[in-house]
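# Observations on chain architecture
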Amino acid sequence: MKLYCLSGHPTLPCNVLKFKSTTIMLDCGLDTTSVLNFLPLPLVHSRIVLYLFIYCELKECAGRVFVDSQPEFCLPERELLDLSTIDVILISNYHCMMALPYITEHTGFTGTVYATEPTLQIGRLLMEELVNFMERVPKAQSATCWKNKEIQRMLPGPLKDAVEVWTWKRCYSMQEVNSALSKVQLVGYSQKVELFGAVQISPLSSGYSLGSSNWIIQSHHEKVSYVSGSSLLTTHPQPMDQSSLKNSDVLILTGLTQMPTANPDGMLGEFCSNLAMTIRAGGNVLVPCYSSGVIYDLLECLYQFIESANLGTTPFYFISPVANSSLEFSQIFAEWLCHNKQTKVYLPEPPFPHAELIQTNKLKHYPSIHGDFSSEFRQPCVVFTGHPSLRFGDVVHFMELWGKSSLNTIIFTEPDFSYLDALAPYQPLAMKCVYCPIDTRLNFHQVSKLLKEVQPLHVVCPEQYTQPPLSQSHRSDLMLELQPPPMPYRRCSVLNLPFRRRYERVYILPELANSLVPSEIKPGTSVATVSAVLHSKDNKHTLQVLPKPPPAPPTKKRKRVIEEPPVVLAPKPLLSGAVPLEAFLATLQKHGISEVKVEETADGHILHLQAEDTLIQLEEDGTHIVCDNNEPLRTTLRDLVLRFLQKL
């Protein structure tokens, strides 16, 4: 069993597991942090930022160099193995499927993708939003010269330190998105799907987002658990299924929190208080966010906070090409929600309170800043919009609109991007910046407790989890400390997972079973010999009755000699049991062999019959009699040994 690591980002994983003749890709996350090296795509061209041309492809802004081109993404590694050999792709959540079109449409992939329905539908929305952001502000030029190793080496950081830049690609098209998602087969929690008769896969609730899953991959005798993006906190998704992870031979662990020291509840409180302070001071609040996920919890928190903070007249705007669909989907996936929200559906009430915010016109959603929004927009207000990287989307317009006023505040809630790097091309910036990263995924304390409960034999994880962060090297609590130590991996590494297949299930036909004659070798244990044909198809093995030889065809010619049928020799009996040393020595003495020297070995004992110049090796799995030119003695000793063994 082998594991190939194709991504260096621990929360946007892409791994390939080879297990029992099947090749399974575990997630295909897209590393979007590469876009921080590019200039923003403004919806309205302005002169807010002055640029200095460098190499015609690079521009300096606020003392930092950026690539002036359409933003590109760091793809999973595609040279480590032939991706056309992948049989299935398992998706754990909608954030971990953003590289799917690159895999399914450009590698010769012919397999099947498995995901839950919310993962598919919300993943489609996120891809559609990304494509829309890119296509509505196209850039004619494509920067490639800067990727030359000699040029990149001379550039200032962080461009100088960017890795795998030649693998970076522009965004896919909607045609590629639709083609990739047509290969998705929907599954439900705990549903068992058989792959080629070799292994069985089953998704479990991971508690992180709508439809997010951990995966069980098992054969009859081996079990692998894939834990990616899980949460034990009580939020809107179904709670995490922990019990099904028990008795795993290998547990592959990815997608832990990126903010292990930030408490999500504390961050929510800080978010609300900073929002209220800004609105009361007459400023606007900008919240760069994804169109699904944490925004549902933010809106629910604000629903409870608005009246107590006297913000009832403040307009809240959610701007995204898929805003309407995202808000509607969150209300219709009732069976994927936690119990409290499920019960609301049967009252009937909307499970999320943002439905009431929309009905009372406190929350309005728009596909873009153009059209209805421009006529209905009023300040001070709160705007939720994308993209969290601040490199494309409607957020770029608001950064240019509000960035010069210290009354305004930008609140970062998504943990995927460094807020300092995101703000770099907008400097100098007068608006206040608040960092409240809300990451509900497992922290190191929670995952250590979880692993103690489920007790896998081996744990495999990104190498980042086996050492504390560079900025907090003294914090040993911000790493995994397990016994035995976890097996770490990094991008482009190949691991031989530390367990071997020992057993295989074989079925036996009833007519063959009827012909067996069991022999009891000890109380409660019987053994039978079997001669059969092993038939293997689709990784299922069956013992079948030996075929009878076909009758000889009649012949008209007279034969001089009548041919006799071939003699079928009876199989030799199998021997089982052990030869007890003391009893055997007593038997030898009864038969006149008294001069015996016993030598103990690692595998058993050696008996030296000195007068007869003969050796008898008594071992756990066999007995050897070494006797030169004395066949009668050898036969006698053989018969004495056989007295202690059982014939089958």
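Residues numbered from 1 in each chain as written. Predicted model: local features only at pLDDT ≥ 70, side-chain atom pairs only at ≥ 80, totals over all residues. Heavy atoms only, no water.

### Comments concerning the sheet that holds strand β19 (residues 409-412)
Ordered in space as β17-β16-β18-β15-β19-β20, the 6 strands form an open sheet in which the pairing is parallel. Strands with a single pairing partner mark the edges of an open sheet, and in this sheet they are β17 (363-366) and β20 (432-435). Strand after strand, the sheet turns through a mean of 20° between neighbouring axes, direction not considered. Relative to strand β18 (residues 382-385), strand β16 (residues 316-319) runs parallel, the two sharing 4 bridges. Considered in β18, the bridge of Phe-316 is made with Val-382. (Pairing = 2+ DSSP bridges. Helix = DSSP H or I, 4+ residues; strand = E, 2+ residues; numbered from the N terminus. Axes fitted to C-alpha atoms, helices over the stretch in contact; angles between N-to-C directions.)

### Thoughts on the nonpolar core
Ranked by internal contacts, the top residues of the largest apolar core, which has 110 residues, are Met-25, Phe-73, Ile-89, Leu-100, Leu-275 and Phe-384. Of the residues forming this core, the biggest block, 9 residues, is contributed by helix α2 (residues 117-135). Each of domain 1 (1-27 + 82-116 + 187-257 + 440-505) and domain 2 (264-435) accounts for three or more of the residues forming this core. Leu-3, Leu-17, Ile-217 and Tyr-226 belong to the second-largest nonpolar core, a separate cluster that totals 26 residues. (Core = buried A, V, L, I, M, F, W, Y, C linked by side-chain atoms within 4.5 Å. Buried < 20%, exposed > 50% of the residue type's maximum accessible area, 1.4 Å probe, protein only. Domains from an automatic or database assignment.)

### Considering the packing of α2 against helix α4 (residues 174-181)
Relative orientation and spacing of two packed helices are given, respectively, by the angle between their axes and the distance between those axes. Put simply, α2 and α4 touch, their axes get as near as 10 Å, and they point 165° apart. Accordingly, the angle class assigned to the pair α2 and α4 is roughly antiparallel. As α2 packs across α4, the resulting crossing turns out to be right-handed. Together, Leu-120, Arg-124, Met-127, Glu-128 and Val-131 of α2 and Met-174, Val-177, Asn-178 and Leu-181 of α4 make up the contact between the two elements. By residue class, the composition of the contact of α2 with α4 is 6 nonpolar, 1 polar and 2 charged. (Parallel < 35°, antiparallel > 145°, perpendicular 65-115°, else oblique. Left-handed = near helix turned anticlockwise from the far one by under 90°. Contact = heavy atoms within 4.5 Å. Nonpolar A, V, L, I, M, F, W, Y, C, P; charged D, E, K, R; others polar.)

### Section: the domain arrangement of the chain
By domain assignment, the chain separates into domain 1 (1-27 + 82-116 + 187-257 + 440-505), domain 2 (264-435), domain 3 (507-545) and domain 4 (575-647). For domain 2 and domain 4, the distance between their C-alpha centroids amounts to 86 Å.

### Digging into the packing of aromatic side chains
The geometry of an aromatic ring pair is captured by the separation of the ring centres together with the interplanar angle, meaning the angle of the planes. Scanning the entire structure with this criterion turns up 20 aromatic pairs. With centroids separated by 6.0 Å and ring planes inclined at 55°, the aromatic side chains of Tyr-317 and Tyr-366 adopt a geometry described as tilted. With Tyr-317 in strand β16 and Tyr-366 in strand β17, this residue pair connects regions lying 49 residues apart in the sequence. Tyr-366 shares its class with Tyr-317; the two are buried. Ring geometry for Phe-373 against Phe-377: centres 5.0 Å apart, planes inclined by 40°, an arrangement best described as tilted. By relative accessible area, which is 4% here, Phe-373 ends up buried. Ring-pair connections join several aromatic residues into one group, and the members of that group are Tyr-317, Tyr-366, Phe-373, Phe-377, Phe-398 and Trp-402. (Phe/Tyr/Trp six-rings, centres within 6.5 Å; stacked < 30°, edge-to-face > 60°.)

### Brief notes about the pairing of strand β30 (residues 596-600)
Here 5 bridges tie β30 to strand β31 (residues 604-609), and the two strands are oriented antiparallel to one another. Its bridge partner lying in β31, Glu-600 is registered against His-605. Connecting the antiparallel pair β30 and β31 is a turn made up of 3 residues.

### Thoughts on empty space enclosed by the protein
Counted under the stated rule, the structure contains 4 cavities of 30 Å³ or more. Taken as a whole, the largest cavity encloses approximately 230 Å³ of empty space. Forming the walls of the largest cavity are 21 residues, and the residues nearest its centre are His-95, Tyr-208, Val-294, Glu-414 and Arg-441. Split by residue class, the lining of the largest cavity holds 7 nonpolar, 9 polar and 5 charged. Looking at which domains feed residues into the lining of the largest cavity, each of domain 1 (1-27 + 82-116 + 187-257 + 440-505) and domain 2 (264-435) supplies at least three. Approximately 170 Å³ is the volume found for the second largest cavity. Forming the walls of the second largest cavity are Leu-12, Leu-30, Thr-32, His-95, Met-98, Leu-126, Glu-129, Leu-130, Phe-133, Tyr-290, His-387 and Asp-416. Looking at side-chain class alone, the lining of the second largest cavity contains 7 nonpolar, 3 polar and 2 charged residues. Each of domain 1 (1-27 + 82-116 + 187-257 + 440-505) and domain 2 (264-435) contributes no fewer than three residues to the lining of the second largest cavity. (1 Å grid on protein atoms, 1.4 Å probe; cavity = no way out; pocket = protein on both sides within 12 Å on 5 of 7 lines; lining within 4 Å. Points joined across faces, edges and corners; volume = space filled by probe spheres on them.)

### Details of the sheet that holds strand β27 (residues 533-537)
Read across the open sheet, the 3 strands follow the order β24-β28-β27; overall the sheet is mixed. Each end of this open sheet is capped by a strand with a single partner; those strands are β24 (506-508) and β27. The average angle at which neighbouring strand axes cross in this sheet is 30°, direction not considered. Bridge count for β27 against strand β28 (residues 540-544) is 5 bridges, and the pairing is antiparallel. Each bridged residue has a counterpart across the sheet, and for Val-533 the counterpart in β28 is Gln-544.

### Looking at the pattern of salt bridges
Taken as a whole, this structure holds 16 salt bridges when the rule is applied. The closest approach of N and O atoms between Glu-77 and Arg-491, which form a salt bridge, is 3.7 Å. With Glu-77 in the loop between β6 (64-67) and β7 (88-90) and Arg-491 in the loop between β22 (487-489) and β23 (494-496), this residue pair connects regions lying 414 residues apart in the sequence. Residue Glu-77 is classed as buried on the basis of its relative accessible area, which comes to 10%. Two residues, Glu-150 and Arg-153, come together in a salt bridge whose shortest N-O distance is 2.6 Å. (Salt bridge = Lys/Arg side-chain N within 4 Å of Asp/Glu carboxyl O.)

### Concerning the layout of surface pockets
Taken as a whole, the largest pocket encloses approximately 1600 Å³ of empty space. Taken together, 47 residues form the lining of the largest pocket, with Gly-8, His-9, Pro-10, Gln-258 and Gln-464 sitting closest to its centre. Of the residues belonging to the lining of the largest pocket, the class tally is 23 nonpolar, 16 polar and 8 charged. The residue makeup of the lining of the largest pocket includes at least three contributed by each of domain 1 (1-27 + 82-116 + 187-257 + 440-505) and domain 2 (264-435). Approximately 370 Å³ is the volume found for the second largest pocket. Around the second largest pocket sit 19 residues that line it, and Val-579, Gly-622, Thr-623, Val-641 and Leu-645 are the ones nearest its centre. Sorting the residues of the lining of the second largest pocket by element identifies β29 (575-576), β31, β32 (614-619), β33 (622-626) and α16 (631-642) as the ones contributing at least two each. Here the residues of the lining of the second largest pocket are counted per class, giving 9 nonpolar, 6 polar and 4 charged.

### A closer look at the confidence of the model for the chain
When the pLDDT values of the chain are averaged, the result is 88; 95% of them are 70 or greater. Scored below 50 in pLDDT, residues 46-55 shows 19 contacts in the model against residues more than four places distant or in partner chains. (pLDDT = per-residue confidence, 0-100.)

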